[in-house]
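Structural description and commentary
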Amino acid sequence: MKALRWYGKGDIRCEQVPDPGIEDPRDAIIKVTSCAICGSDLHLYNHFMPGMQKGDILGHETMGEVVEVGSAVRNLKVGDRVVIPFTIICGECDQCRRGNYSVCERSNRNAHLAAKAFGHTTAGLFGYTHLTGGYAGGQAEYLRVPYADATHVKVPDGIPDEKLLFLSDIFPTGWQAAVQCDIEPTDTVAIWGAGPVGQMAIRSALLLGARQVVAIDRIPERLSMARAGGAIAINFEEESVIERLNELTAGRGPEKCIDAVGMEAHVSMAHPDTILDRAKQAVMLETDRPHVLREMIYVCRPAGVLSVPGVYGGLLDKIPFGAVMNKGLTIRTGQTHVNRWTDDLLRRIQEGQIDPSFVITHTAGLEDGPQMYETFRDKKDGCVKVVLKPQ
Amino acid sequence: MAHRHRTRSHARPPASAEALARGLGWFSLALGAAELLGARSMARWLGMERHESLIRAYGVREIATGIGILAQKDPAPWIWGRVAGDALDLATLSGALRDPKAHRDRVAVAFGAVMGATVLDVACANALSGQEPPRHRRAVDYSDRSGLPRPPGQMRGAARDFEVPRDMRIPDALRPYRQPRRQERPQPSM
Ligand SMILES: [Zn+2]
Ligand SMILES: [Zn+2]
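Residues numbered from 1 in each chain as written. Chains lettered and ligands numbered in written order. Predicted model: local features only at pLDDT ≥ 70, side-chain atom pairs only at ≥ 80, totals over all residues. Heavy atoms only, no water.

- In the nomenclature of an unreviewed UniProt entry, chain B is known as Cyclase dehydrase of Microvirga thermotolerans.

- Chain A carries the name Alcohol dehydrogenase catalytic domain-containing protein in an unreviewed UniProt entry, which gives Microvirga thermotolerans as its organism.
- Per UniProt, chain A has the following entry under Sequence similarities (unreviewed entry): "Belongs to the zinc-containing alcohol dehydrogenase family."
- Annotation of chain A in UniProt includes, under Cofactor (unreviewed entry), the sentence "Zn(2+)". (UniProt positions renumbered as here; feature names shortened; annotations may be inferred.)

A few points about the coordination of the zinc ion (ligand 1)
Residue and element names in this part refer to chain A.
- Every protein donor of the zinc ion (ligand 1) is listed here as Cys38 (SG), His60 (NE2) and Asp169 (OD), and their distances to the metal cover 1.8 to 2.2 Å.
- One chain supplies every donor to the zinc ion (ligand 1), and in sequence these donors are spaced C-x21-H-x108-D. On the criterion of sequence distance, the pair formed by cysteine 38 in the loop between strand E3 (28–37) and helix H1 (39–45) and aspartate 169 in the loop between helix H5 (161–164) and helix H6 (170–179) is long-range, its members being 131 residues apart. Just as cysteine 38 is buried, aspartate 169 falls in that class too. (Donors = N, O, S within 2.8 Å, 3.2 Å for Na, K, Ca; no water. Helix = DSSP H or I, 4+ residues; strand = E, 2+ residues; numbered from the N terminus. Buried < 20%, exposed > 50% of the residue type's maximum accessible area, 1.4 Å probe, protein only.)

Regarding the coordination of the zinc ion (ligand 2)
Residue and element names in this part refer to chain A.
- Listed as protein donors to the zinc ion (ligand 2) are Cys90 (SG), Cys93 (SG), Cys96 (SG) and Cys104 (SG); their distances from the metal cover 2.3 to 2.4 Å.
- Around the zinc ion (ligand 2) sit four donor atoms; with metal-centred angles ranging over 105 to 116°, the donor geometry is tetrahedral.
- When the donor residues of the zinc ion (ligand 2) are listed from N- to C-terminus, their spacing reads C-x2-C-x2-C-x7-C. With cysteine 90 in the loop between strand E7 (87–88) and helix H2 (94–98) and cysteine 104 in the loop between H2 and helix H3 (111–118), this residue pair connects regions lying 14 residues apart in the sequence. As far as burial versus exposure is concerned, cysteine 90 and cysteine 104 are alike and both buried. (Tetrahedral: all angles 85-135°; square planar, octahedral: opposite > 155°, others 65-115°.)

Some words on the nonpolar core
- Judged by nonpolar contacts, the single largest core of 55 residues is most densely connected at Phe166, Leu167 and Val359 of chain A.
- When residues of this core are traced back to their parent elements, those giving at least two are H6, strand E11 (188–192), helix H7 (196–207), strand E12 (212–217), helix H8 (220–228) and helix H13 (338–350) of chain A.
- With seven residues, H7 of chain A is the largest single contributor of residues to this core.
- Apart from the residues within four sequence positions on either side, valine 359 of chain A is in contact with Phe166, Ile170, Pro196, Gln199, Met200, Met225, Val384 and Lys385 of chain A together with Arg145 of chain B.
- Judged by nonpolar contacts, the second largest core, of 47 residues, contains Tyr45, Leu58, Ala123 and Leu125 of chain A. (Core = buried A, V, L, I, M, F, W, Y, C linked by side-chain atoms within 4.5 Å. Contact = heavy atoms within 4.5 Å.)

Here it is in structure tokens:
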């Protein structure tokens, strides 16, 4: 089959690899009908995440049709249409039983590596480094799904892929980012990053009833999409984020702040801390660029909430923890507990409350994947979200 | 709504950035050699005699960076490394600016020179990393992409039926509504 494989910084190739097969009774094999490139794939593309090996198959936003099931999988059959969440879950461990799926204790087959890096293991993820299990990803014609009986999300026929695909990651991720803000009707929710997750978070915050949603980015087309979803847009290259947020909240600051940017904040002259972060990254004094976190901590209303769906990898410098403590901020983070939200979100899609396909700006064949990675990274051509069609 | 795309443009850094990077590489080597070999006289000139071995160490750093820039296929991380070195230099020099024993006028000259180099380094690193905004950006208007069936104003709160799970609730201090009424607690001011 064809698959997109990682070979190093900026080097992704579409190559022929052996088809996956059933390795465990709880596996299923799906034929991928649609998959997407995610912002967190760019951290791999730019090689800021450790733990990749040459030839690894990328991709963690995938859906398709079941073509083979292991002997222990009773709730799936050949021909079923499924969305595959990016987190692999066993459904049985202590964390899974609490609904903390993204920290499933059993699905990471390299748990010892993750435990060494983080103190304890987190869930196995598709196509996302050997720290999270080194599982082959879904930017391919076929995907092996471990623990398929627990991991899959069954979806009905008759709804196009485009509306359902993002149940695999960005829609529940944006949703959880807003949910963990526990939005009140008086709230201002400020969202840094109007990429795909930011766009989903904007709409989620609005649907959950925020009084004001503010989106912060620098790319005009993303900001126009943010406005379409009901957000007030701030272009941080044109105006001061902190001043504008204070203006919008009568000097109090937003109650809820969402970091949909993560470790690779834009490096700009206007924010000298990003320059220093980038330099420290180069000489390995820190791994991530936490400009957004700093700004959120500074501007957030005392007793407010910081919600962090953005991906961070390791060590950050100069986090003003004094402000976190003295302002009494609550920080909620985490990879998304995808399966916790999908039933509800699928219903909202079916009822027409939201159509997540609005975010797709580019559709291409799998063989155009390497080119699309570049287009997405450089935000060329108005690119916000890419969907790839393997067939 | 989605359209197919096949473009074959390549995001190579501009040739001028690569030339600048090479220049900075040679500059690093030269400055590093000067610091390594002339550490004593440099320290004396600045009135920073105590820092002679530090200057020598900075010289080693500059040489390593210079080699990295000139020898590696992708000089960008090394240019960023120069920026980190600049920060270190500036920190050391700003310490000396406050040192009564240093020749502060000369330190100020050195500080200005490093500042100039820093600006150049950052510009070069940005250009190499493809961070510069593309010159001919065609802004695309997505104001028709709400993803919502009705205007946002009408959709606000449409999902208010959703019950936030217990482990994701906000602190009471942020909840003007729905607060459980208890006698002993002051009522929320909303
Ligand atoms: Zn993702
Ligand atoms: Zn589990």
